[in-house]
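Listed below are the residues making up each chain.
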Number of protein chains: 2
Amino acid sequence: MKLPLTPLDFLTRARRLFADRVGVVQGDDLRMTYATFARRCDGLATLLRDDLGVRPGDRVAFLAGNVHELLEAYYGVLLAGAVLLPLNIRNSAPELAACLADSRAAALFRDPALPDPGFGGPTVVLGERDWGQADEPFPLPDVDEDDPAELFYTSGSTGRAKGALLSHRALYLHAVHNALTNGMGGHDVLLHTIPLFHVNGWGTAHFLTGLGGTHVMLPRFDAAEVLRMVEREGVTRLFLVPTMALTLLDHPDVGQRDLSSVQQVSLGGAPSTPALLAAVEEAFGCEAICGYGMTESSPTLTRSLDKPGTPKSRIRRATTGLPIVGVDLRVLDDHDAEVPWDATTIGEVCARSNHVMIGYWERPDETAEALRGGWLRTGDLAVVDAEGYVTIVDRRRDLIVSGGENIASVEVEAALATHPAVREVAVVGLADERWGEVPAAFVSVPDGMPPPTEEELIEWVRARLARFKAPKVVRVLDELPKGGTGKIDKLALRARLVEG
Amino acid sequence: MKLPLTPLDFLTRARRLFADRVGVVQGDDLRMTYATFARRCDGLATLLRDDLGVRPGDRVAFLAGNVHELLEAYYGVLLAGAVLLPLNIRNSAPELAACLADSRAAALFRDPALPDPGFGGPTVVLGERDWGQADEPFPLPDVDEDDPAELFYTSGSTGRAKGALLSHRALYLHAVHNALTNGMGGHDVLLHTIPLFHVNGWGTAHFLTGLGGTHVMLPRFDAAEVLRMVEREGVTRLFLVPTMALTLLDHPDVGQRDLSSVQQVSLGGAPSTPALLAAVEEAFGCEAICGYGMTESSPTLTRSLDKPGTPKSRIRRATTGLPIVGVDLRVLDDHDAEVPWDATTIGEVCARSNHVMIGYWERPDETAEALRGGWLRTGDLAVVDAEGYVTIVDRRRDLIVSGGENIASVEVEAALATHPAVREVAVVGLADERWGEVPAAFVSVPDGMPPPTEEELIEWVRARLARFKAPKVVRVLDELPKGGTGKIDKLALRARLVEG
């Protein structure tokens, strides 16, 4: 018997088996059973079909933080047969407008507190219009498991955001494999610290619903609120980027709140260190592990769990980890041969998995390049130790990852290059304790022109791109260093940053 | 990216990630790492291809208890592109010969201590010829996930054994879903009490390998040996049919051995009672749950785990349970409508799932009947309580389940009917504390003939069928009771047994 693999099964399961269970909590006033949650998903699907004219296959955009409406969209949009397009709330209005135009979105749901991308199509402003609960379950759509279900825009190294298209099958299998590898179950209470608009919310929207666990929504990351909710709701799992972990560790409430319910903290989005893991483990009184993934793979590729039968090791748990169930991950050399497991030889992290995207939305050339030879080419460089644990040693070329967000250096460079006092420009990542990396810019000035101030150039970028993409440091040089072919030598610039 | 779902992934994972881990233990002398296990699977595949001439799609039969060779066959046969056909060692030689003929098996591997089915094709006698480790990994076959991977013969109610054909996709998803629902992981040490030749070994061969857990082989069920191995290997999970549980509870060693490693006992194959669960929980100092399934669904359909957020309840855990992830299980009335969840209204247990068989091997009519309307019709009758827990209230029509083995009453009837002193015959299930059910026969005698003795009739059946199929009780009546249509009224006969 062959039935389509679809995340909608998780909703059906929650609706049937966990109807009376409080499945979704938000703030002090909202506690929703799965029966109510499912009926609200039905209500959203009805609104899409009957009022907004959304047809199967259409893209439906959401611009919101981690509110229950976005969690509902993970199911309601799919019930209507449409494709969910969660937008990154940290993007600027022009960047958002570009995603909406590129995807030809059929409708937009937006939080009025966020920048208005000026969308011309049907728009629902959250808080002003609510879909409520449907009287009847919305009929399940006729799903082909290979059809797209979600679309996420990601800044590739070109700086032009591309939409990664994920199928029902990919999302279903990712959720099941991720939960299985990490031992997650219906007893788990998960605080949504990681944006649901990001890389499929690390799969949390799916597996937790299907297993009957509890979602605690967190509309905006706030350390005091995180610690309060952990205590109040008995949160068992925390997914954090290192930046969030550092913010929590610095907060005075960390010693005041009862955090004993937390059983695991999972760190991802940027490399961690054994020292950070130790600090997290002490603060939360539980084990911390790392994970790694990317939008193109739904996203989880690895988790740094200790292997069964091996002694606990924080050094191991601070690595990038081992592939999760359902992922064949290999570090390949230039001839696509696996590098030796010697903790020394560097290769590119590549993955084969059902979790990998269908492709980039309407970008066949970039898709072919990303999936060359049947492997997802992550662009990340790594070594493998004798036990098979992968450790990333260099960010993918020309991509800066800051607080879990991708920043294409070329995009920042293009913005700076429009300044009249900039002749040459290069942007590289500067290691930062809090953000992982921040952009740092080097510029040279046309002959005879007075050099612009650091503040002036930072402001120039802020006016053109999302704020987090602006460089934190700008240095003016007489001339930028070049390699043999005349290309700007970014390695030399990075070295100069480290020295300085 | 779309890759075939296949249990071979579990072997690849164990080979790559858990190479040094002791994966398979048997008796006092055998401790195999996953590296060795994988190379032995390669060796078996090489033997099949090079020496036995097995071609992709061929059926390869195994006649053995829970020995490491059969566990290797779960992967080695699939590596060779063939279909694994594990035979039931409790069957008689003619029954085995019928399965081999019906499936047109290409090769047979057999334990010389078991009945020789007189197979004419290539045969490997275990212990006399060993495949050893291959020097090189066997190349992964080009699998279509919908292709068959395993074939299990099962006594349907017709008495003619039918082969249930299970696909790579079904077996893969069953393993993942089963482990996820039940929270099993790489830390688990599992003692193979349940025959691997039975209903896919409840999926244990697959998920445990992929997660890097430890298999403890048990060639033959023996209570003292079970308890010894639990203590020695630190077994964490026990899968038992109630008959096995009772045997263990009765054994004097139960109070002598350290059984504290056991974290869960899972009972299946026959209904349990809260009293049995209580006795098991006390003896093993852990939680006991029930499960339910059938060959046609890979097999697990339900587990009686307490729902998250509900108080622990042994009464609930003694029910048939809730569907596992990936199974849509409903109790349907005669019009295929779901019965109310009132713990009273009886319907037939039906299931839709990717775990359900492709169909019966070369039996299109019986396949169509079993999968009528897109549901697997289990033939089991059940009620559903207000929380959705299913409880089976009657065995499927004319099928007796004794010690976890199916016995078709018509088959026993046919054997008895060949006796010259039997005029009418009916066989029904008699409740039995140890075996769940045992066959009980009612016969009438041709006019003027002296009635045969009970022992004579039991011996008559034993000479013709597997020993466990022989009735434990035979009653001679003047005439068997009939219903309105003249059919023998088995309900009346069952009632008579209960009175007696």
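**Q** Just give me the short version of the overall build of chain A, but keep the residues and values in it.
**A** Each helix and strand counted, chain A has 14 helices and 25 strands in total. Radius of gyration (C-alpha) of chain A: 23 Å, near the 23 Å computed for a compact globule of 500 residues. The principal-axis extents of the C-alpha atoms in chain A amount to approximately 70 × 60 × 50 Å. Counting only residues that meet the buried cut, chain A has 56% of its 500 residues in that class. Counting contacts in chain A only where the partners sit at least 6 residues apart, residues at least 24 apart contribute 68% of the total.

**Q** Pulling in residues and values, what's your account of the interface of chain B and chain A?
**A** With 30 residues of chain B in contact, the opposing surface of chain A contributes 30 residues. For the side of chain B that touches chain A, the secondary-structure elements that each account for two or more residues are helix H1 (8-17), helix H5 (168-182) and strand S17 (347-353) of chain B. The element contributing the most residues to the side of chain B that touches chain A is H5(B), with three residues. Across the side of chain B that touches chain A, the residue classes break down as 13 nonpolar, 11 polar and six charged.

**Q** Describe the sheet that holds strand S16 (residues 327-332) of chain A, listing the residues and the values that go with them.
**A** Residue and element names in this part refer to chain A. Strand order in the open sheet formed by four strands is S16-S17-S19-S20, with antiparallel pairing between adjacent strands. The open sheet has two edge strands with one neighbour each: S16 and strand S20 (390-394). When the angles between neighbouring strand axes are averaged without regard to direction, this sheet yields 50 degrees.

**Q** Outline the domain arrangement of chain A, supporting the account with residue identities and numerical values.
**A** All names here are of chain A. In terms of domain boundaries, chain A breaks down into domain 1 (1-165), domain 2 (221-396) and domain 3 (399-499). Distance between the C-alpha centres of domain 2 and domain 3: 28 Å. Contacts between the two partners involve eight residues from domain 2 and, on the opposite side, 10 residues from domain 3. For the side of domain 2 that touches domain 3, the per-class residue count stands at four nonpolar, two polar and two charged.

**Q** Requested: an account of the sheet that holds strand S12 (residues 264-267) of chain B, with residues and values cited.
**A** Residues and elements named next belong to chain B. Spatial strand order, S2-S1-S10-S9-S11-S12-S13-S14-S15: nine strands in an open sheet with mixed pairing. Edge strands, defined here as strands with exactly one partner in the open sheet, are strand S2 (30-33) and strand S15 (322-323). Pairing geometry for S12 and strand S13 (residues 287-293), over four bridges, is parallel. Paired with Leu267 across the two strands is Cys290, which belongs to S13. The strands touched by helix H2 (residues 34-51) are strand S1 (22-26) and S2; relative to S2, the strand with the most contacts, the crossing angle is about 85 degrees. Docked against the sheet, helix H9 (residues 274-284) engages S12 and S13, running at close to 130 degrees with respect to S13.

**Q** Hey, could you go over the relation of the copies chain B and chain A for me, with residue numbers and the actual values?
**A** At an RMSD of 0.1 Å, chain B and chain A line up after a rotation of 180 degrees and a shift of 0.0 Å along the axis. This pairing of chains is accounted for by a two-fold axis. Taking C-alpha positions as the reference, the residue of chain B nearest the rotation axis is B:Leu180, at 2.6 Å. Interface overlap between copies is the fraction of interface residues in one copy that are interface residues in the other; for chain B against chain A it reaches 100%, indicating a shared surface.

**Q** Quick rundown of the packing of H5(B) against helix H6 (residues 204-211) of chain B? Include the residues and the values.
**A** Residue and element names in this part refer to chain B. For the pair H5 and H6, interaxial distance at closest approach is 9 Å and the crossing angle is 70 degrees. In this view, H5 runs roughly perpendicular relative to H6, as classed from their interaxial angle. Every pair of crossing elements has a handedness; the one defined by H5 and H6 is right-handed. Residues Leu171, Ala175, Val176, Asn178 and Ala179 of H5 lie in contact with H6, whose contacting residues are His206, Phe207, Gly210 and Leu211. Of the residues belonging to the contact of H5 with H6, the class tally is six nonpolar, three polar and no charged.

**Q** If you had to explain unusual backbone geometry to someone new, which residues and values would you point to?
**A** Residue and element names in this part refer to chain A. Note the cis peptide between Ser298 and Pro299, where omega equals 5 degrees. Structurally, Pro299 can be placed in the loop between strand S13 (287-293) and strand S14 (300-303). Even without being glycine, Ser298 reaches a positive phi, approximately 80 degrees. Tracing the chain through its elements places Ser298 in the loop between S13 and S14. Taking the number of C-beta atoms within 10 Å as the measure of exposure, Ser298 has 33 and is therefore buried. Positive phi is not limited to glycine here, since Glu362 has a value of about 55 degrees. Inspection of the secondary structure assignment puts Glu362 in the loop between strand S18 (359-360) and helix H11 (364-370). The exposure class assigned to Glu362 is partly exposed, which follows from the 13 C-beta atoms found within 10 Å.

**Q** Break down helix H12 (residues 409-417) of chain A for me, citing the residues and quoting the values.
**A** Residue and element names in this part refer to chain A. For H12, the buried fraction is high: seven of the nine residues fall into the buried class. Within H12, the full set of buried residues consists of Ser409, Val410, Glu411, Val412, Glu413, Ala415 and Leu416. If you follow the buried residues of H12, they end up packed against strand S7 (148-155), strand S21 (399-402), strand S22 (405-408), strand S23 (424-432), strand S24 (436-444) and helix H13 (454-462).

**Q** With reference to specific residues and values, describe H9(B).
**A** Residues and elements named next belong to chain B. Turning to H9, its buried residues are Leu277, Val280 and Phe284. Considered in projection along H9, the buried side chains sweep an arc of 65 degrees and stay on one side of the axis. Those residues of H9 that are exposed and angled more than 90 degrees off the buried face are Ala275 and Glu282. In this structure, the buried side of H9 is in contact with helix H8 (242-250), S12, S13 and helix H10 (314-317).

**Q** Could you give me a rundown of the environment of B:Lys162, with the residues and numbers involved?
**A** Residues and elements named next belong to chain B. Its location among the elements puts Lys162 in strand S8 (residues 161-167). When the 23 C-beta atoms within 10 Å are taken as the criterion, Lys162 is described as buried. With 118 residues separating them in the primary sequence, Lys162 and Leu44 have C-alpha atoms 27 Å apart.

**Q** Can you lay out the pairing of S14(A) for me, pointing to particular residues and giving the numbers?
**A** It is a general feature of regular strands that their side chains alternate between the two faces of the sheet. All names here are of chain A. Alignment of S13 against S14, held across three bridges, turns out to be antiparallel. Its bridge partner being in S14, Tyr292 is matched across the sheet by Thr302. Counting the residues that bridge the hairpin from S13 to S14 gives six residues, and of these Ser298 lies at a positive phi of roughly 80 degrees. One ladder, built from two bridges, connects S14 with strand S15 (residues 322-323); its direction is antiparallel. Bridge pairing links Thr302 to Pro323 in S15.

**Q** An account of the packing of H12(A) against H13(A) is requested, with residue identities and associated values reported.
**A** Residues and elements named next belong to chain A. Closest axis-to-axis distance for the H12/H13 pair is 9 Å, and the angle between their directions is 115 degrees. Here H13 runs roughly perpendicular to H12, going by the angle between their axes. Note on packing geometry: the crossing formed by H12 with H13 is right-handed. Contact residues: H12 offers Val412, Ala415 and Leu416, while H13 offers Leu457, Trp460 and Val461. When its residues are assigned to classes, the contact of H12 with H13 shows six nonpolar, no polar and no charged.

How each quantity is defined
Residues numbered from 1 in each chain as written. Chains lettered and ligands numbered in written order. Predicted model: local features only at pLDDT ≥ 70, side-chain atom pairs only at ≥ 80, totals over all residues. Helix = DSSP H or I, 4+ residues; strand = E, 2+ residues; numbered from the N terminus. Rg over C-alpha atoms; globule rule 2.2 N^0.38 Å. Buried ≥ 20, exposed ≤ 12 C-beta atoms within 10 Å, placed from the backbone. Contact = placed C-beta atoms within 7 Å. Nonpolar A, V, L, I, M, F, W, Y, C, P; charged D, E, K, R; others polar. Pairing = 2+ DSSP bridges. Axes fitted to C-alpha atoms, helices over the stretch in contact; angles between N-to-C directions. Domains from an automatic or database assignment. Least-squares fit on C-alpha atoms with pLDDT ≥ 70 in both. Parallel < 35°, antiparallel > 145°, perpendicular 65-115°, else oblique. Left-handed = near helix turned anticlockwise from the far one by under 90°. Arc of directions from axis to C-beta.

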